[in-house]
Amino acid sequence: MSIHRSVHRFSTLIVILAFLMSFLALTTPVYAATLFVDGVLGTNAAGCGTAPGASACQTITYTLTNVAANGDTINVASGTYSETFNINKSITLKGAQAGADARTRTAVPETILNVANLTSPIGLFVDNIVIDGFTVQSQFDNGQAGLYSVPQHSGYQVLNNIIKNNVMGFYFNASGAIQSVAKFNLFKNNNRPGAAGGNGIYEDQGLKNALIDNNTFIEDTTPPNNANNNCGILITATVAGVVANVTVSNNDLSNANAVGVLFALADTVSVTGNTFENGEFNDIQILGAVNKATISGNTFHSPIRRNVIVVDSTIAGSPGPNTNTVITNNTFNYNAGTIDTSNPGGFNTPAIIDMRSPQGTNTISGNTITLFGTSAGAAFSYFGVRLVTDTANNLPTAFTTISGNTFNGNGVAQSNGVAVNVTLATAGSLTITSNTFTNFSNGINIIAASVINSMATGNIIRFNTNGILVAESAANALTANQNCIANNTAFGESNTGTVSQNARQNWWGSPSGPSGAAPGTGDVVSANVDFSNFLAVAILGCPQVLPTSTPTGTPTTTLTSTLTPTITLTSATSSPTTTNAGTPTTTLTSTLTPTITLMSATSSPTTTNATAPTPALVADPGLTKTGNTQIGVPGDPITFTLTVTNNGTASALNVSVLDPLPNPLIFVSASASQGTFNASGNTVTFAVGTVNPGQLVTLTIVARISPQATPPNNLINVATLHDQHGNQRMASASLHITAGNLPSTGEHP
């Protein structure tokens, strides 16, 4: 019995020991190794890679295949490595310039992956691969890239690399399970002949949850080297649903290919904070079937050829209409004289923002759009924003708001601030509000809008040739109310159609109303413009034309001479005789009867004028509105700040501000640095009171986006100021409601 018990106890100990050993094997950490490759000093042999120099492996391929494991880091010494390889392990591959921004480094030792004449690119085939600090160059094989990532995996990081002289630079595909990043790279001259050639970054198999940030894209734009240039970044797909949540931010796309950034068949994409300059074709092109594209905070300089931003569903082969596009807070400077005149049939109507048959809810807000230079000729016309429908494919324009933009044509001939050419019975609506249009041939040009519901309200339209031009015979092609239309040299509004257009309740630059087909002295209106109920007091910061006070004295005669007068006196009581002597030199003009006092035969005459008129004191209140963010998700708090000023010379009395918050915003609270407020539901009314010249009053509204809000949704929140003098001012802030943030970066979709 005792022997049996001893054996049993021994067996139990063996089982416990085996269990502990298995447990320790499972729980003991496997530390990632740091390995080394040196193409000159290293040797491919068992045990290589443990240290730099002679202990290093000689090739990257050998190290990946025979030495490295998941989680390892491979440091590759400077030099040229003529090899290509597929990475099938989650490793970090570092060149000699790992961590050094490829956009700015020069004349330093590089680790060069020279893939010339090799039949495949460097492939990234599993999750969580990092490529950092290399030069990847000379992939000439047809349809091949310097780097390639497969769409079945994600978590790729391509950092600090110079990628140049390939057919295309980076063939960037990813599943989106983990965010993938391309950052701090220099893409240069990736325009070798071949399929999909001429693209810095290219994708057509699927890309989700990706960030393309702080890269520079440069292509040779001089003929004939530019013959194969295509896009700096081209993101497209062959089927729907495989491209989503892609952010292109803070990149320099100067001299970058024919098109800077192109998206097609994608959902929730963002192009923000980038710089575009001297593109050969279009800077940004939303080709078709793109839902929720946001283009914000970019800077555009002097493109050479066609349009700057094109949102176009009408191009042959387009996969479908674009929907819910937001273009906001960009700065455009467009040199009209640099347009390509060699092909006027294809390039003679450039637009800074060209919207062709967009669907859903679209917003163009807060942009600064400036033309400058000299027109390329009478055959060319220029557009700040152009809205067009596709009659061939019967694609209607849905709901578009153009709000809070500043347009300046700088006198460029044949220029238009906003032009509308919409002719379909299924068209939606267009709202043009709170913009400033100056120095265009036409501030707003309704080329055709036979059934669109177009509204222009709260705009400042000044110093154009025509403030508004309507060339449409349908009723309500454009309803223009509560605008400042003044100082336009030909027409405030011209209607070349046969049906009267609603232009009521506008300020025309004079208390007497418009002139031309109207009896006033303000801007000219044509026939078929309903100018009734015109405003007798300026609005929106436009100057108030006021009569001056009556001067003292009795003005009766105007004396004008273009000669130098000499007064000859024959005696102290004689009447003066005026003799014109000498060469004409001076013009004397008076609108009052001069009084000549003779003191003696030799005295000089003294002219006494009546008292000069005293300028009238005028109140000129102003209103601005900003939000603490332009992008939010359901449940987010939003703070709006309204600022009331007075730029006039008199106090503005009984100032009030009305701000109705649109759904799905929910009012939370409000405050005012002066006066009181009252909230009724979502409508907030501020009783500000008196605002003295130079004074500033701050009003604040805190709201919340309803948790039940359905993204995407683009809101324009408009506030209106009134005072007892009849002044009215309007200000707005825009808000784009999205589905949420990207998981790893906090970037909004």
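Residues numbered from 1 in each chain as written. Predicted model: local features only at pLDDT ≥ 70, side-chain atom pairs only at ≥ 80, totals over all residues. Heavy atoms only, no water.

Some words on the confidence of the model for the protein chain
Low pLDDT means the predicted atomic positions in that stretch should not be read closely. Per-residue pLDDT for the protein chain has a mean of 82; in total, 78% of the residues score no lower than 70. pLDDT under 50 marks residues 24-28. Its contacts with residues more than four places away, or in other chains, come to 0 contacts. Predicted confidence for residues 741-749 stays below pLDDT 50, and this span has 27 contacts to residues more than four positions away or in other chains. (pLDDT = per-residue confidence, 0-100. Contact = heavy atoms within 4.5 Å.)

Details of the nonpolar core
Counting residues in each nonpolar core, the largest one holds 113 residues, and the members touching the most others are Leu-93, Ile-201 and Phe-263. Counting 30 residues, the second largest nonpolar core, distinct from the first, contains Phe-640, Val-657, Phe-667 and Ala-733. (Core = buried A, V, L, I, M, F, W, Y, C linked by side-chain atoms within 4.5 Å. Buried < 20%, exposed > 50% of the residue type's maximum accessible area, 1.4 Å probe, protein only.)

Structural notes on the layout of surface pockets
Empty space within the second largest pocket amounts to approximately 410 Å³. Every residue lining the second largest pocket is counted, 21 residues in all, and those nearest its centre are Ile-460, Leu-623, Thr-624, Met-730 and Ala-731. Listing elements by their share of the lining of the second largest pocket, those giving two or more residues are β55 (621-627) and β64 (728-737). (1 Å grid on protein atoms, 1.4 Å probe; cavity = no way out; pocket = protein on both sides within 12 Å on 5 of 7 lines; lining within 4 Å. Points joined across faces, edges and corners; volume = space filled by probe spheres on them. Helix = DSSP H or I, 4+ residues; strand = E, 2+ residues; numbered from the N terminus.)

Focus: helix α2 (residues 60-67)
All of the buried residues in α2 are Ile-60, Thr-63 and Leu-64. Buried residues along α2 cover an arc of 95° about the axis, so they all sit on one side. Looking at the buried residues of α2, the elements they touch are β1 (34-37), β2 (73-76), β4 (86-87), β5 (92-94) and β6 (111-114). Sitting at the head of α2, Thr-59 places a side-chain oxygen 3.2 Å from the backbone nitrogen of Tyr-62. (Arc of directions from axis to C-beta. Polar contact = N/O pair within 3.5 Å; in protein donor to acceptor, adjacent residues only side chain to side chain.)

A few points about the side chain of Gln-97
Of note, Gln-97 is situated in the loop between β5 and β6. Once residues within four sequence positions are removed from consideration, Gln-97 is found in contact with Arg-105, Val-108, Pro-109, Glu-110, Asp-132, Gly-133 and Asn-160.

Focus: the sheet that holds strand β60 (residues 676-680)
Read from one edge to the other, the open sheet built from 6 strands follows the order β56-β64-β63-β58-β61-β60, with strand pairing classed as mixed. Each having just a single partner strand, β56 (631-632) and β60 make up the two edges of the open sheet. Two elements, β60 and strand β61 (residues 683-691), share 5 bridges in a ladder whose sense is antiparallel. Within β61, the residue paired with Asn-678 across the bridge is Thr-685. (Pairing = 2+ DSSP bridges.)

Re the environment of Ile-666
Along the chain, Ile-666 falls in strand β59 (residues 665-672). Relative accessible area serves as the criterion here: at 32%, Ile-666 is assigned to the partly exposed category. Note: C-alpha distance between Ile-666 and Ser-706 (40 residues apart in sequence) is 6.3 Å. Contacts of Ile-666, omitting those with residues within four sequence positions, involve Asn-682, Ala-703, Arg-704 and Ser-706.

A short note on the pairing of strand β25 (residues 282-286)
Among the 5 residues in β25, 5 count as buried, and that is most of the element. Note: β25 against strand β28 (residues 309-312), 3 bridges, orientation parallel. Across the sheet, residue Gln-285 finds its bridge partner in β28, namely Val-310.

Quick notes on the packing of aromatic side chains
Inspection of every chain in the model, using the stated rule, returns 9 aromatic pairs. Taken together, a centroid distance of 5.0 Å and an interplanar angle of 35° make the contact between Tyr-148 and Tyr-171 tilted. Within this pair, whereas Tyr-148 is found in strand β10 (residues 145-149), its partner Tyr-171 is found in strand β13 (residues 168-171), the two being separated by 23 residues in sequence. For Tyr-171, a relative accessible area of 13% corresponds to the buried category. Geometrically, the ring pair formed by Phe-300 and Phe-332 is stacked, given 4.6 Å between the ring centres and 10° between the ring planes. Taken as a pair, Phe-300 in strand β27 (residues 299-301) and Phe-332 in strand β30 (residues 331-335) lie far apart in primary sequence, 32 residues in all. Its relative accessible area of 1% is what places Phe-300 among the buried residues. Relative accessible area serves as the criterion here: at 1%, Phe-332 is assigned to the buried category. (Phe/Tyr/Trp six-rings, centres within 6.5 Å; stacked < 30°, edge-to-face > 60°.)

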